[in-house]
Amino acid sequence: IGTELAELHSLEENFLWAEQWKADYRAHAKWEHYMQCDGSPDPAVPQEINTFMSLWQENKNEDIEFVIKKGNQVLNLIEKLNFLLLDTPPNELMEEVIVQYQESILELQSLLHQKYNEATEHLLKVSKLCILVVAPLQVATDEKEEELIGENVVDLHQFTPVGGVYFVDALKLPPQAKQIKGWTMVELLDVGLETYPYPPESEETEDATYPRVGVILRLLDSVIFFEEPMVARWDSAGKQWRTDGISDIQYKMKEKQISFEMDTFYTITLIQDAHLNMPYQSWELRPNGTDELLFTIVTAFAEVQMQIKGNQCMLSSIIMDGSEQLSHLTGKWTSPIDLTVVLKKAGVNIFPSDYSYKYVCVNKKTPLAEVTSYQQMALVASAFAFSWSKWNLASGQDQVVFKVSEHLKTDAVKDEDWSLYMFNGQRAQRLKISETSEAFSEDLAENTEFHSTLYHLIKDFASEEAIEKVKKASCLFIDAIYQLLITTRVLTYS
Ligand SMILES: *[C@@H]1O[C@H](CO)[C@@H](O)[C@H](O)[C@H]1NC(C)=O
């Protein structure tokens, strides 16, 4: 066992090298940014971001095209900050830095909102058209800590806004430009864009009834709604999303259209159950060439296929009801963290959070068995395929069961090529039963023995070529596989 552990530790150095590489990369990215001098601020530096914001705040009378263009730069900065929050290891991120990043995100969002308002006002002064501006803002998901959540209040642990936020408001038309003797004259008010209170606040009209506000939304093609979404409105006093005040919701999911009525003008969003793709029905990790593999997760609604190559990954396909979805997201290489962000934003959540176990029927396993399995699977996944086994539901909390097959080709794994392995984090064995056996049994497969690591167990049956491939795998590839396994948690959420 001593020798096996020493060999394992030497393989596990891959994770340390990957950490080191990523730390160097972050430092390098900072330096690159510094050298770029392209005028965009480094969102991690408070002075830079504050200067950027106050400079923009001072500029007035910008038209909507300009604001949308500059708004995209702001959205980019917000994305960068979110990425830093996710990508930096916790021990490198101090509490006050986290708070600073989160505050910058909120300030950028509020600046963007203000700019959209100003641009709308500007637009209304030039034109006689009445328009509705839909800002592509992401929701500030300051989640409520307690579960003690009141009636009609959206629990953001259980549900997630998909497709951004729609601002719907009645606006007072600002003073209009007049043409007088060749001059264009506009009366300037310093109140900015004024909303029109609805129903109007006046004592005489207290008893009068006002028509409800009807809204028709076309669902975006850039996100998926697996079921009819809920409609929620922002309650700014309570800082929460609520579902009351909205009625007569009509769904035309085929036409991608939702209509509803509101008792006044609200900021609204569409809400989807965050866990409807969990638990997964099955999963498979399959090498496909050198430092390249395919990772497939099948859920009740969709089949999601991702590809990993070196330190990058991408979405290969999402198939729902036999047709490909989200084609604008497929085929783009990115980092594992970015992929999780992009998929979640598109409504495809296959990434359990710390509290997901409250909403999903989880196949509970000890962290020792689960996490060690992901690490050791990643170490050998360059030459071995892994897949879901129904026996993982029967093996108890202390051990995980999955299918394994040496796989040096690029075709599908044949049913007869799989074997069943069981692992508790410290002891690995091959099982005698097969996937189609009648009942679960922990009996050892004939002519096999226990090992302390998955690697040594696998080695007993592996070709030299496969072991060579394992030894040559790049540390970044191994790390990327591990990251996707630990974020999808296929051994407990299947
Ligand atoms: C797997 O690799 C083969 C050979 O390189 C390639 O033709 C195929 O497209 C890959 N499969 C996927 C799904 O990317």
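Quick notes on the rules
- Residues numbered from 1 in each chain as written.
- Predicted model: local features only at pLDDT ≥ 70, side-chain atom pairs only at ≥ 80, totals over all residues.
- Heavy atoms only, no water.
- UniProt positions renumbered as here; feature names shortened; annotations may be inferred.
- Helix = DSSP H or I, 4+ residues; strand = E, 2+ residues; numbered from the N terminus.
- Expected span 1.5 Å × (residues − 1).
- Buried < 20%, exposed > 50% of the residue type's maximum accessible area, 1.4 Å probe, protein only.
- Arc of directions from axis to C-beta.
- Pairing = 2+ DSSP bridges.
- Axes fitted to C-alpha atoms, helices over the stretch in contact; angles between N-to-C directions.
- Core = buried A, V, L, I, M, F, W, Y, C linked by side-chain atoms within 4.5 Å.
- Contact = heavy atoms within 4.5 Å.
- Salt bridge = Lys/Arg side-chain N within 4 Å of Asp/Glu carboxyl O.

Per an unreviewed UniProt entry, the chain goes by Dynein axonemal intermediate chain 7 and derives from Chelonoidis abingdonii. Regarding the chain, the UniProt comment filed under Sequence similarities (unreviewed entry) reads as follows: "Belongs to the DNAI7 family."

Visitor: In this structure, what is going on with helix α2 (residues 46–58)? I would like to understand it.
Guide: Three or four residues apart is the spacing at which side chains of an α-helix point the same way, because the helix has 3.6 residues per turn. The end-to-end C-alpha distance of α2 is 18 Å, a good match for the 18 Å that 13 residues give at a rise of 1.5 Å each. Residues I49, F52, M53 and W56 constitute the buried set of α2. Each buried residue of α2 lies within a common arc of 95 degrees when the element is viewed along its axis, so the set occupies one face. Those residues of α2 that are exposed and angled more than 90 degrees off the buried face are Q47, L55 and E58.

Visitor: Please clarify how the sheet that holds strand β4 (residues 213–218) should be interpreted in this entry.
Guide: Remark on secondary structure: sheet strands pair via backbone hydrogen bonds, oriented parallel or antiparallel. Spatially, the three strands line up as an open sheet ordered β4-β8-β7, and their pairing is antiparallel. Two strands bound the open sheet, and with one partner strand each, they are β4 and β7 (246–252). Neighbouring strand axes in the sheet, compared pairwise and without regard to direction, differ in orientation by 15 degrees on average. Across six bridges, β4 lies against strand β8 (residues 257–262) in antiparallel orientation.

Visitor: Teacher, can you tell me more about the nonpolar core here?
Guide: Nonpolar side chains tend toward joint burial in soluble globular proteins. If you look at the biggest cluster of nonpolar residues, it comprises 64 residues, and the most contacted ones within it are F386 and F402. No other element matches helix α9 (residues 475–488), which puts seven residues into this core. Here F386 is in contact with W283, E284, L285, M377, V380, A381, F402, K403, V404, W418, L454 and I458, once residues within four sequence places are set aside. With 20 residues, the next largest nonpolar core counts I49, M53, L93 and A119 among its residues.

Visitor: Please clarify how the pattern of salt bridges should be interpreted in this entry.
Guide: Between side chains of opposite charge, pairing is possible as soon as their charged atoms come close. In total, this model carries 17 salt bridges according to the counting rule given. Here R286 ties to E284 by a salt bridge, and the two come within 3.2 Å at their closest N and O atoms. Classification of R286 as buried rests on a relative accessible area of 12%. Between E468 and K472 there is a salt bridge, with the nearest N and O atoms lying 3.9 Å from each other. With E468 and K472 both in helix α8 (residues 464–472), this residue pair falls four residues apart, about one helical turn.

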